[in-house]
Amino acid sequence: QFYPCGYARSATTKERAKAAKEKATRAELCIRIGECEQKLQEMRVNPAKLPDLTDCKISHKMFGAGTVQFMVIDFNGTLKKFSYTASMNSGYLTAEDPAVEAELQAYQDYNKEKDRLEKELKNMKAELVKL
């Protein structure tokens, strides 16, 4: 209302450049979010499976060598209960068979990558909301 009739203040070059940069940043972030969601979806379609460790020879950092018996491991007469995923992911238990160890490593890598993608996706969405 301070300008004469029909006159509108136009944006400065600096303001237009800033707006264009924000628009490009938003578009790039949306593309990255889409790619991340697609990777995550592909990973969820083909999840890595924890190998069957029944009767597999394993080694524990503290208890030594043992045999897996339905999530109960026999360490020379001492039975200990463990969670497959927690124990294998933490590195406390390792399989003596290289093939089983490779499967466990693939399972761990899958979970790490999935967690990383989920965290990255969450951060990108939060950043997009800030823009």
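Look above for the structure.
What you are looking at is a predicted structure, and each value in this text was computed from that prediction instead of being measured. (Residues numbered from 1 in each chain as written. Predicted model: local features only at pLDDT ≥ 70, side-chain atom pairs only at ≥ 80, totals over all residues. Heavy atoms only, no water.)

Colleague: I'd like to hear about the pattern of salt bridges, residue by residue, with values.
Modeller: Tallying each qualifying case throughout the model produces four salt bridges. Residues Lys125 and Glu37 are paired through a salt bridge, measuring 3.1 Å at the closest nitrogen-oxygen approach. Separated by 88 residues along the polypeptide, Lys125 in helix α3 (residues 98-130) and Glu37 in helix α1 (residues 13-45) bring together distant segments of the chain. Residue Lys125 is classed as partly exposed on the basis of its relative accessible area, which comes to 39%. According to the relative accessible area criterion, Glu37 is partly exposed, its value standing at 34%. Beyond isolated ion pairs, a larger network of salt bridges with shared partners links Glu113, Arg116 and Glu120. (Salt bridge = Lys/Arg side-chain N within 4 Å of Asp/Glu carboxyl O. Helix = DSSP H or I, 4+ residues; strand = E, 2+ residues; numbered from the N terminus. Buried < 20%, exposed > 50% of the residue type's maximum accessible area, 1.4 Å probe, protein only.)

Colleague: Describe the packing of aromatic side chains, and please don't skip the residues or the numbers.
Modeller: What the rule picks out here adds up to one aromatic pair. Geometrically, the ring pair formed by Phe63 and Phe75 is tilted, given 5.2 Å between the ring centres and 40° between the ring planes. Of the two residues, Phe63 is situated in the loop between β1 (57-60) and β2 (64-69) and Phe75 in strand β3 (residues 72-75); the sequence distance between them amounts to twelve residues. (Phe/Tyr/Trp six-rings, centres within 6.5 Å; stacked < 30°, edge-to-face > 60°.)

Colleague: Could you give an account of the pairing of β1, naming the residues involved and the relevant values?
Modeller: Judged by which residues are buried, β1 turns out to be one-sided: Ile58 and His60 face inward and are buried, whereas Lys57 and Ser59, on the alternate face, are not. Bridge count for β1 against strand β5 (residues 93-95) is three bridges, and the pairing is antiparallel. From the neighbouring strand, Ser59 faces β5, where its bridge partner is Thr94. (Pairing = 2+ DSSP bridges.)

Colleague: Run through the environment of Gly34, naming residues and quoting values.
Modeller: Within the secondary structure layout, Gly34 lies in helix α1. Judged by its relative accessible area of 31%, Gly34 is partly exposed. Along the backbone, Gly34 and Leu121 are 87 residues apart, and their C-alpha atoms lie at a distance of 9.1 Å.

Colleague: Please provide a residue-by-residue account of α1, values included.
Modeller: Every α-helix winds through 3.6 residues per turn, so residues three or four apart in the chain are directed the same way. When the terminal C-alpha atoms of α1 are compared, their 48 Å separation across 33 residues agrees well with the 48 Å that a helix rising 1.5 Å per residue should span. All buried positions along α1 are accounted for by Leu29, Ile33, Cys36, Leu40 and Met43. Structurally, α1 contributes buried residues whose contacts are with α3. (Expected span 1.5 Å × (residues − 1). Contact = heavy atoms within 4.5 Å.)

Colleague: Would you mind going over the pairing of β3 in detail, with residue names and values included?
Modeller: Here β3 runs beside strand β4 (residues 78-81); their pairing, made up of four bridges, is antiparallel. In the sheet register, Phe75 faces β4, and the bridge partner there is Thr78. Following β3, the chain reverses through two residues before pairing antiparallel with β4; Asn76 in that reversal takes a positive phi of roughly 50°.

Colleague: Would you mind going over the environment of Leu50 in detail, with residue names and values included?
Modeller: Inspection of the secondary structure assignment puts Leu50 in the loop between α1 and β1. Separated by 57 residues in sequence, Leu50 and Tyr107 place their C-alpha atoms 6.1 Å apart.

Colleague: Before we move on, can you summarise α3 with the specific residues and values?
Modeller: For α3, built from 33 residues, the straight-helix expectation of 48 Å at 1.5 Å per residue is met to within 8% by its first-to-last C-alpha distance of 48 Å. For α3, the set of buried residues is Val100, Leu104, Tyr107, Gln108, Tyr110, Asn111, Leu117, Leu121 and Met124.

Colleague: Account for the packing of α1 against α3, naming residues and giving values.
Modeller: The interhelical angle for the contact between α1 and α3, taken along N-to-C directions, is 150°, at an axis separation of 10 Å. Of the possible angle classes, the one that applies to α1 and α3 is roughly antiparallel. Judged by the sense of rotation from one axis to the other, the crossing of α1 with α3 is left-handed. For the pair α1 and α3, the contacting residues are Arg26, Leu29, Cys30, Arg32, Ile33, Cys36, Glu37, Lys39, Leu40, Met43 and Arg44 in the first and Tyr110, Glu113, Lys114, Leu117, Glu118, Leu121, Met124, Lys125, Glu127 and Leu128 in the second. Looking at the contact of α1 with α3 residue by residue, the class counts come to eleven nonpolar, no polar and ten charged. (Axes fitted to C-alpha atoms, helices over the stretch in contact; angles between N-to-C directions. Parallel < 35°, antiparallel > 145°, perpendicular 65-115°, else oblique. Left-handed = near helix turned anticlockwise from the far one by under 90°. Nonpolar A, V, L, I, M, F, W, Y, C, P; charged D, E, K, R; others polar.)

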